[in-house]
Amino acid sequence: MAKTSAGVLLHRRGAGGVEVLIGHMGGPFWAKKDDRAWSIPKGEYGDGEEPLAVARREFEEELGSPVPAAELVPLGEVRQSGGKRLTVWAAEGDLDAAACTSNTVELEWPPRSGRVQVFPEIDRAAWFGVDEARAKLVAGQVAFLDRLLERLGPG
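Residues numbered from 1 in each chain as written. Predicted model: local features only at pLDDT ≥ 70, side-chain atom pairs only at ≥ 80, totals over all residues. Heavy atoms only, no water.

Draft legend 1. Spotlight on the overall build of the protein. Helix and strand counts for the protein stand at three helices and nine strands. Listed N to C, the secondary structure of the protein is β-β-β-β-α-β-β-β-β-β-α-α in terms of helices and strands. Radius of gyration (C-alpha) of the protein: 15 Å, near the 15 Å computed for a compact globule of 155 residues. Based on the C-alpha atoms only, the size of the protein along its principal axes is roughly 55 × 35 × 30 Å. Per-residue burial for the protein yields a buried fraction of 43% across its 155 residues. The contacts in the protein between residues at least 6 apart in sequence include a share of 65% that link residues at least 24 apart. Computed over 19 positive and 24 negative side-chain charges, the separation of the two mean positions in the protein equals 6 Å. (Helix = DSSP H or I, 4+ residues; strand = E, 2+ residues; numbered from the N terminus. Rg over C-alpha atoms; globule rule 2.2 N^0.38 Å. Buried < 20%, exposed > 50% of the residue type's maximum accessible area, 1.4 Å probe, protein only. Contact = heavy atoms within 4.5 Å. Lys, Arg positive; Asp, Glu negative; His and termini not counted. Charge placed at Lys NZ, Arg CZ, Asp CG, Glu CD.)

Draft legend 2. Looking closely at the packing of aromatic side chains. In total, this model carries two aromatic pairs according to the counting rule given. For the pair F29 and W30, a centre-to-centre distance of 4.8 Å together with 85° between the ring planes defines the contact as edge-to-face. Taking the relative accessible area as the measure of exposure, W30 reaches 21% and is therefore partly exposed. Arranged with centres 5.0 Å apart and planes meeting at 85°, the rings of W38 and F128 form a pair that is edge-to-face. Of the two residues, W38 sits in strand 3 (residues 38-39) while F128 sits in strand 9 (residues 122-129), which places them 90 residues apart along the sequence. Sitting above the plane of the W127 ring, R12 keeps its charged end 4.0 Å from the centroid. The ring of F29 carries K33 above its face, with NZ or CZ at 4.1 Å from the centroid. (Phe/Tyr/Trp six-rings, centres within 6.5 Å; stacked < 30°, edge-to-face > 60°. Lys NZ or Arg CZ within 6 Å of the ring centre and 35° of its normal.)

Draft legend 3. Structural view of the environment of A135. Tracing the backbone shows A135 in helix 2 (residues 130-136). The exposure class assigned to A135 is partly exposed, which follows from its relative accessible area of 32%. Sequence separation of A135 and E50 is 85 residues, and the distance between their C-alpha atoms is 31 Å.

Draft legend 4. Representation of the pairing of strand 5 (residues 73-79) in the model. As paired elements, strand 5 and strand 6 (residues 85-92) share five bridges and run antiparallel to each other. The residue bridging R79 from the neighbouring strand is R85, located in strand 6. Linking two consecutive strands that pair antiparallel, namely strand 5 and strand 6, is a turn of five residues; a positive phi of about 100° is found at G83 within it. (Pairing = 2+ DSSP bridges.)

Printed below as a string of structure tokens:
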């Protein structure tokens, strides 16, 4: 069975248009990568878990703050290239990206070394205009930017 994840895409309207808050993936594999190395804050969930509750929880774990919005708008589901299904909600709000702090994960690094190190899941967060976010996000999540813009409509 395919793995499932849920997340929240926080957005705001700035002078230059719509901006989204995304996180740069932590750990040694992503350390020197920038384009296609950012992600919508999200996490996996299992049977019996409510995807929206998981999306809110994962946002808080990865950014260190609860979702700063009461209303979350569904952006649907996308099947990732590896088969994982990702469901995302949009939330309009603001958050200080520089103040974001992520939970950590343990990872054997270097591989097969027997040495376990701790890395942040998200090593930094930042606001990007939608066009720049298209280049930053992992390819399988870009569709959510288009869905967000469709929901927001003109203006």
